[in-house]
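# Summary of structural features
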Amino acid sequence: MLLVFAPFLTIAQERGVGIRLGEPLSLTYKDFIEDYLSYEVMIGFAGVNSSDYYRKDFESNPPASNAFYQNHSAKKGVSINARVALHEDITEVFEITEGYLMAYGGAGIQIRTTNVNYSYFQNITSSATQPLLQEDRTNFDFGPEAFAGAEYYFNETPISVFAEVGMFIELIDRVNIKGQGGVGVRYLF
């Protein structure tokens, strides 16, 4: 029995759930398809884009033809990532004697939302005092991401720690490139 289930036991030890601190801040689930090929799903909170990004969004899509941007506030929204990565064991390169270190790189897709509240005036040319109007919008971003990082697996403890950098290319709404990165920890089971 042990010989039959041994290959599954080694793969099962690589499966992990954890938290990723950074952009986006996420809960993460990672599992291996093959020895050096993994998939990962992350659900969390996305950061906001620059203030110029939201101003341009308002000006390209005003609520009325005579609406004039005043300001906005943006709140973190939901981020969902699905991605795959190729891994390479680099333990010997760094002469690590306890545990092992894997470098990885991959690609995936990302969906992000941001809640934006716009303040604006209408008919600003009028001499009368104009009321400040409000409009709430949900900014929706979708596109590919690319990333690279390293993950260290401890020998005696079912935990791994990782660090990575990458970029997200927004394709829906408008083209925008956003740098990302994070550090995290996973419990392996």
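Shown above is the structure to which this text applies.
Just so it is clear, the structure is predicted and the values come from calculations on it, not from any experiment.

This part is about the nonpolar core. By size, the foremost hydrophobic cluster in this structure holds 8 residues: Tyr53, Tyr54, Phe58, Ala67, Tyr69, Val116, Tyr118 and Tyr120. Secondary structure elements with two or more residues in this core: α2 (51–60), β4 (67–75) and β6 (100–122). Filtering out sequence-adjacent residues up to four positions away, alanine 67 remains in contact with Phe58, Pro62, Tyr120, Phe121 and Gln122.

Below, the discussion takes up unusual backbone geometry. Backbone torsion omega between glutamate 23 and proline 24 reads -5°, so that peptide bond is classified as cis. Unusually for a residue other than glycine, glutamate 95 sits at a positive phi of about 55°. By the secondary structure assignment, glutamate 95 is in the loop between β5 (77–89) and β6.

Moving on, we get to a nonpolar patch on the surface. The grouping of Ile33, Tyr39, Val41, Ile43, Val78, Ile80, Val84, Ile111, Phe140, Leu171, Ile172 and Val175 at the surface amounts to a nonpolar patch, some 990 Å² of accessible area in total. Every element with two or more residues in the nonpolar patch is listed here: β3 (37–46) and β5. When you line up the elements, isoleucine 80 lands in strand β5. Classification of isoleucine 80 by relative accessible area gives partly exposed; the value is 40%.

Rules and cut-offs
- Residues numbered from 1 in each chain as written.
- Predicted model: local features only at pLDDT ≥ 70, side-chain atom pairs only at ≥ 80, totals over all residues.
- Heavy atoms only, no water.
- Core = buried A, V, L, I, M, F, W, Y, C linked by side-chain atoms within 4.5 Å.
- Buried < 20%, exposed > 50% of the residue type's maximum accessible area, 1.4 Å probe, protein only.
- Helix = DSSP H or I, 4+ residues; strand = E, 2+ residues; numbered from the N terminus.
- Contact = heavy atoms within 4.5 Å.
- Patch = residues over 30% accessible without salt bridge, like charges linked within 9 Å, V, L, I, M, F, W, Y side chains within 5 Å.
- Areas by Shrake-Rupley, 256 points an atom, 1.4 Å probe, with all protein chains shown as cover.
- Salt bridge = Lys/Arg side-chain N within 4 Å of Asp/Glu carboxyl O.

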